[in-house]
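# Structure at a glance
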Amino acid sequence: MADRRALMPHANKEQMSNYRIRWTDGHDREFEEFHAITENFYNQLVGGPQNRQSFVPGNQSKDVKYAMIVYSKDDVPVACSGLKEHGKGDVEIKRVWVQPPFRSHHLATFMMHELESFAREHGYKRTVLMTRERMDYAIKLYEGLGYKRIENYSPYQHMDDAVSHAKDLPAISLTVQ
């Protein structure tokens, strides 16, 4: 897909210029490697894979239409996320992940802004996402970015620990002079 450098309005421009984004899809080897890391993390978070069997069908790497991989200035993959189509005009944000040594660099916020811009540019009207109640740091991030809690959507509607959010994406306005 595309490789683009992007700046985040609330971050230090110099800091964000140390990273680049590569867009691909859920079949990409590096994205699949990140997906395996996140699977292990979530399994540990909930006490083993047996405690998240109902989450797994909605979280397959192959279902991610647009995958974002963030690279450091040394060209090391340090973060990822993805977008999965979800109903009329909606796209689901998947796997917002930053490698531990790169946390507290505002990369998750950076990625969220990029995901929203990319989704809007591709005609989506709303982003949705699901996390778990115990991931309070993720909930704080999403709500701080304007996401509102919504009822759990399919396939998470019957899962007690699921917390779903949505954000309407403003239309792109073009001014012709």
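Residues numbered from 1 in each chain as written. Predicted model: local features only at pLDDT ≥ 70, side-chain atom pairs only at ≥ 80, totals over all residues. Heavy atoms only, no water.

This brings us to the nonpolar core. Grouped together as the largest cluster of nonpolar side chains are 31 residues, with contacts concentrated most on Val-70 and Met-112. Residue assignment for this core shows that the elements contributing at least two residues are β2 (20-24), β3 (66-71), β4 (77-85), β5 (90-98), α3 (107-121) and α4 (136-144). A per-element tally of this core places α3 first, with 7 residues. Among all residues touching Val-70, those that are not within four sequence positions of it are Tyr-19, Arg-20, Ile-21, Val-76, Pro-77, Val-78, Ala-79, Leu-107, Phe-110 and Met-111. (Core = buried A, V, L, I, M, F, W, Y, C linked by side-chain atoms within 4.5 Å. Buried < 20%, exposed > 50% of the residue type's maximum accessible area, 1.4 Å probe, protein only. Helix = DSSP H or I, 4+ residues; strand = E, 2+ residues; numbered from the N terminus. Contact = heavy atoms within 4.5 Å.)

What follows concerns the side chain of Glu-116. The residue Glu-116 is located in helix α3 in this model. Look at Glu-116 and you get buried, because its relative accessible area is 7%. The residues touching Glu-116, leaving out its near neighbours within four places in the chain, are Tyr-147, Lys-167 and Leu-169.

Attention shifts here to the confidence of the model for the protein chain. Summing up the model confidence of the protein chain, the mean pLDDT is 87 and the portion of residues at 70 or higher is 87%. Counting interchain partners and residues more than four positions distant, the pLDDT-below-50 stretch residues 2-11 has 31 contacts. (pLDDT = per-residue confidence, 0-100.)

On inspection of all chains with the given rule, the structure shows 6 aromatic pairs. An angle of 70° between the planes, with centres 5.3 Å apart, marks the rings of Phe-41 and Tyr-42 as edge-to-face. By relative accessible area, which is 23% here, Phe-41 ends up partly exposed. Taken together, a centroid distance of 4.9 Å and an interplanar angle of 70° make the contact between Tyr-66 and Phe-118 edge-to-face. Residue Tyr-66 is located in strand β3, and its partner Phe-118 is located in helix α3; the two are separated by 52 residues in the primary sequence. Residues Tyr-66 and Phe-118 agree in their burial class; the two are buried. The rings of Trp-23, Tyr-66 and Phe-118 are connected pair by pair, giving a single aromatic cluster. The residue whose ring lies beneath Arg-20 is Tyr-71, and the NZ or CZ to ring-centre distance is 4.1 Å. (Phe/Tyr/Trp six-rings, centres within 6.5 Å; stacked < 30°, edge-to-face > 60°. Lys NZ or Arg CZ within 6 Å of the ring centre and 35° of its normal.)

The next point concerns α4. Among all positions of α4, only Ala-138, Ile-139, Leu-141 and Tyr-142 are buried. In a view along the axis of α4, the buried residues occupy a sector of 160°, so they form one face of it. Exposed residues on α4 whose side chains face more than 90 degrees from its buried face are Asp-136, Lys-140 and Gly-144. Looking at the buried side of α4, the elements it contacts are β5, α3, β6 (126-132), β7 (148-150) and β8 (162-168). Among the residues trailing α4, Gly-146 stands out with phi positive, at a value near 95°. (Arc of directions from axis to C-beta.)

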